[in-house]
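Secondary and tertiary structure notes
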Amino acid sequence: MTETDKLPSGRDRIESLEMRGITKRFPGVLASDHVNFDVKSGEVHALLGENGAGKSTLMKILYGLYHPDEGEILINGKPVRISSPNDSINLGIGMIHQHFMLVQTMTVAENVALGLPSSRGLLTDLDRVSKRIIELANLYGLKIDPSAYIWQLSVGQQQRVEIIKALYRGAALLILDEPTAVLTPQEVDELFVIMNQMVKDGHGLVFISHKLHEVVEISHRVSVLRDGRMIGTRLTSDTTKQDLANWMVGREVGFTPDRGQVECGGPRLQLKDVACGSDRGTPGLRGINIDVCSGEILGIAGVSGNGQRELAETITGLRKTTGGHVILEGNDITGFDPSDITDRMLSYIPEERMRDGMIKDFTVAENMILREHEKMPYSRYGFLNLREISRHADELIKKFHVKTPSRETHAKNLSGGNIQKIVLAREIFRTPRVIIAAQPTRGLDIGATEYVREQLLEQRKQGVAIMLISEDLDEILALSDRIAVIYEGQVMDIVPRAEATPAKLGLLMAGVHPEETKQTSEVF
Amino acid sequence: MISDLFTVTVLVGILASGIRLSTPYLYAAIGEAFGQKSGVLNLGVEGQMLLGAFAAFYVALTTGSLWLGLLTAMIVGALMGLAMAYVTVNLHAEQGISGIGFYLFGLGMSDLLFQKLMGTVETVKGFPEIYIPGLSDIPGIGKIFFSQNILVYGAYLLVPIAWFVLNKTTLGLKIRSVGENPDAADSLGVSVSRIRYFTIILGGTLSGIAGASLSIALLNVFQQNMTSGLGFIAVALVYFGGWRPIGILGGALLFSFINSLQLWMQVLSIPIPSDIAVMMPYVVTILVLVATVSKVRAPSALSKPFERGD
Ligand SMILES: Nc1ncnc2c1ncn2[C@@H]1O[C@H](COP(=O)(O)OP(=O)(O)OP(=O)(O)O)[C@@H](O)[C@H]1O
Ligand SMILES: [Mg+2]
């Protein structure tokens, strides 16, 4: 081998990796059906497919987490045996998982060091690991504090830890399973810089995403899975976003929902000088004043970690306020129990649905009544009404196109996007008065995104007051009537939809004051 | 008389025997803490202790070697741990129920062996007190801390060692990660099963020592069900101590000092009903537990069997 065949880390490249005839059956599902897939050194191969198409399954097979029923894997033309993540790590394969594989109660450095040999033998060498993390972070322009605990980090920051983990292990081939679902547009750009750098260095990358513009921007080739079968592989340069969408779904899909005109009623949710702490002990919110009216979608834009989580949690009663009042339909609900607030028909779609929105070991049907399980018709005198629960589950599964073998399947066995749908279905279906929706379409495929957005607009038409917290400016702009930009726990400005442009919002999100944004926009 | 309690000799006696009595709790609870840190709840501690206590006593009695007795107790405990690990890790059995099964097994088996092999209560001369020149001569302190047998010193050494292993070694990192998020550990090539096997067997070994400390170091007899719930208290101490060795030490000391106090009160014929006296340590422990409800969370994966989606 010549020098140029090595990666910067000193590892050999994986010139080509091939999966042949991979088949994987789960109870009631054929998740992979004789799939062929390959990646070459120096390319980004995008993998597309609807929720439940089998993308994660295929990649978990490659990473050694699942064992295929049939098929083989070849590296540089030679068959290899991958029976555990240990094998794949040793072969130079790394994976960034769709659901974080992080230990919440441990620090960034501990999470990175886990499973690696230490330079001090039996003792940990966290100080050296931390140093190396900072080096890597600087090299790739990622900001991360190695001594922070994972639970203190925002989702976007946690994702960075996952990236660092993989970079640290010097993988030659990196699988990124929906890495951008949780990132802000700026963070996505940063990630793409890293990915391009890695490709130039000779890594091979697999990139899974539901966002087609990302796929068009970053990938060299693109493959589409549908119901566990490989539909085909093309050069990205030969396709367009619209082609990909139609190819993937098998029908025409639209991109912008029709918002229509809705009369805004009186305020249903009011925040008056609301303040609270954050998990790091710093002020999370510093005097927030917002009204959300009936029939209105108020978008909350902002860079991850500027108080979005705290905002949602104070409104829903999950976090104590340190000042101010939360008023729901004229009643002060500050300090109320989350269950009391729920009973006033406030629905909450939490950002981390896997952690805060559901119980993984419960069935689909059980998860669908979590919020209403004590009420008629789902229970009576403390006894669950199983027939009603099943009927309800079947209805939601059908309405929201949840792809599941049955309503009795454990939630954890569903695909990522379908897990999201359970929470969305439950929260939207109960005819709420107010909805707090944090990143509601994160991880959903195009069809499902379209559906959820339609649902939110439908609720708005019914007069529901909706607070839409999202880091996705496209989503904010597509749905909101007004947009509040939040920065370091304060509202920078509230902009009507008609006056909002990505540039203006971007400046506000960066903490530039409204007066200044006016001046700068005049200059442009 | 109550006033008899407050003489220096009696106070020193109470403290010294408090330290001694905490020994079995420390071994058993620290062993249990390792298991729980890795996500395994072992309710079989009591059974492991009983079999360990019997093995240590019987071997010491028949061979005359206390060390051989101790070693046998460790092996017996480890084997019980191995069986527990197989049942919970490989067979994914419900941990609480299997633990109770192992408790009943240890209870019955130690009794059976006792009936078959010994029949009557006998005594051995247990591990002697170790005299440390200089230190043991310090008035009061010397008697309390430096005139104890080897297993007592061992128990106190175990506390910093356990803390060190859990917090400063790569093994400790793996143990903690497996107890908090086994999926994450697994995805980084850490073998969840191997780690859990290790901690459960270690826990069994330490429970064996805990049993031995009763039968050949503190009481120097073996009787049926001689642990009388001590193993279960050890499990409670793990929660009490917030899964930290130092917290467990605090809990063990509190419990055994009160126990020692009530024993001395009986010795001095202070007029309180003996039932009440015996109840005291438990009542106080519950009260303290309630008052200081630990802010520390249990390991997230505690008592959840791990299974890859496969
Ligand atoms: N561990 C498991 N046990 C049972 N069924 C599973 C398991 N993992 C996945 N499945 C099923 O396999 C199918 C494919 O799931 P997979 O997670 O690969 O989808 P995906 O393409 O990654 O979807 P998404 O975009 O929603 O993440 C789904 O029907 C899912 O329910
Ligand atoms: Mg997936």
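What this report covers is the structure whose coordinates are included nearby. From a predicted model like this one, the values you see are computed outputs, not experimental measurements.

Within chain A one finds 18 helices and 22 strands. Computed over C-alpha atoms, the radius of gyration of chain A comes to 24 Å, within 12% of the 24 Å expected from 2.2 N^0.38 for 524 residues, which places it in the range of a compact globule. Considering chain A as a whole, with its 524 residues, one finds that 56% of them fall into the buried category. Within chain A, contacts between residues separated by at least 24 positions form 68% of all contacts whose residues are at least 6 apart in sequence.

We now examine the site of ligand 1. The immediate surroundings of ligand 1 are formed by 21 residues, with A:Lys55, A:Ser56, A:Thr57, A:Ser415 and A:Gly417 found nearest. The local environment of ligand 1 is shared, drawing residues from chains A and B. Note that an oxygen atom of ligand 1 is positioned 2.7 Å from one of the side-chain N or O atoms of A:Ser56. Between an oxygen atom of ligand 1 and a main-chain N or O atom of A:Asn413, the distance comes to 3.0 Å. When ligand 1 sits alone it has 640 Å² of accessible area, and the protein chains cover 95% of it. Those elements that provide at least two residues to the shell around ligand 1 are strand 2 (29–40), helix 1 (55–62) and helix 14 (416–429) of chain A. Looking at the shell around ligand 1 element by element, the count peaks at three residues for helix 1 of chain A. Here the shell around ligand 1 is built from residues that sort into six nonpolar, twelve polar and three charged. Two domains each donate at least three residues to the shell around ligand 1, and these are domain 1 (3–249) and domain 3 (346–430) of chain A.

Another aspect to go through is the interface of chain A and chain B. Taken together, the contact pairs 30 residues of chain A with 22 residues of chain B. Across the chain A to chain B interface the summed buried area is about 2100 Å²; carbon plus sulfur atoms make up 61%. It is A:Met101, A:Leu114 and A:Thr124 that lose the most area in chain A upon contact with chain B, and together they represent 24% of the buried surface on that side. For the pair chain A and chain B, the interface holds one salt bridge. Linking chain A to chain B there are six residue pairs in polar contact (both at pLDDT 80 or more). Every element with two or more residues in the side of chain A that touches chain B is listed here: strand 1 (16–26), helix 2 (85–91) and helix 3 (108–113) of chain A. Here the residues of the side of chain A that touches chain B are counted per class, giving 14 nonpolar, twelve polar and four charged.

What follows deals with the nonpolar core. Grouped together as the largest cluster of nonpolar side chains are 124 residues, with contacts concentrated most on A:Val108, A:Met195 and B:Ile216. A:Met368, A:Leu414, A:Ile419 and A:Ile428 belong to the second-largest nonpolar core, a separate cluster that totals 34 residues.

Residues and elements named next belong to chain A. At their nearest, the axes of helix 14 and helix 15 (residues 446–461) sit 12 Å apart, and the two run at 15° to each other. Between helix 14 and helix 15, the interaxial angle falls into the category roughly parallel. As for how helix 14 packs across helix 15, the hand of that crossing is left-handed. Seen from helix 14, the contacting residues are Lys 421, Leu 424 and Ile 428; seen from helix 15, they are Ala 448, Val 452, Gln 455, Leu 456 and Gln 459. Looking at the contact of helix 14 with helix 15 residue by residue, the classes come out as five nonpolar, two polar and one charged.

What follows is about the pattern of salt bridges. Residues and elements named next belong to chain A. One pass over the structure, following the stated rule, counts 35 salt bridges over all chains. Among the salt bridges present, the one from Glu 372 reaches Arg 430, with a minimum N-O distance of 3.0 Å. Of this pair, Glu 372 sits in the loop between helix 12 (364–368) and strand 17 (379–380) while Arg 430 sits in the loop between helix 14 and strand 19 (434–438), placing them 58 residues apart in sequence. Comparing Glu 372 with Arg 430 shows no difference in burial state: the two are buried.

Cut-offs and rules
- Residues numbered from 1 in each chain as written.
- Chains lettered and ligands numbered in written order.
- Predicted model: local features only at pLDDT ≥ 70, side-chain atom pairs only at ≥ 80, totals over all residues.
- Heavy atoms only, no water.
- Helix = DSSP H or I, 4+ residues; strand = E, 2+ residues; numbered from the N terminus.
- Rg over C-alpha atoms; globule rule 2.2 N^0.38 Å.
- Buried < 20%, exposed > 50% of the residue type's maximum accessible area, 1.4 Å probe, protein only.
- Contact = heavy atoms within 4.5 Å.
- Near = heavy atom within 4 Å.
- Polar contact = N/O pair within 3.5 Å; in protein donor to acceptor, adjacent residues only side chain to side chain.
- Areas by Shrake-Rupley, 256 points an atom, 1.4 Å probe, with all protein chains shown as cover.
- Nonpolar A, V, L, I, M, F, W, Y, C, P; charged D, E, K, R; others polar.
- Domains from an automatic or database assignment.
- Buried area = accessible area lost by both parts, 1.4 Å probe.
- Salt bridge = Lys/Arg side-chain N within 4 Å of Asp/Glu carboxyl O.
- Core = buried A, V, L, I, M, F, W, Y, C linked by side-chain atoms within 4.5 Å.
- Axes fitted to C-alpha atoms, helices over the stretch in contact; angles between N-to-C directions.
- Parallel < 35°, antiparallel > 145°, perpendicular 65-115°, else oblique.
- Left-handed = near helix turned anticlockwise from the far one by under 90°.

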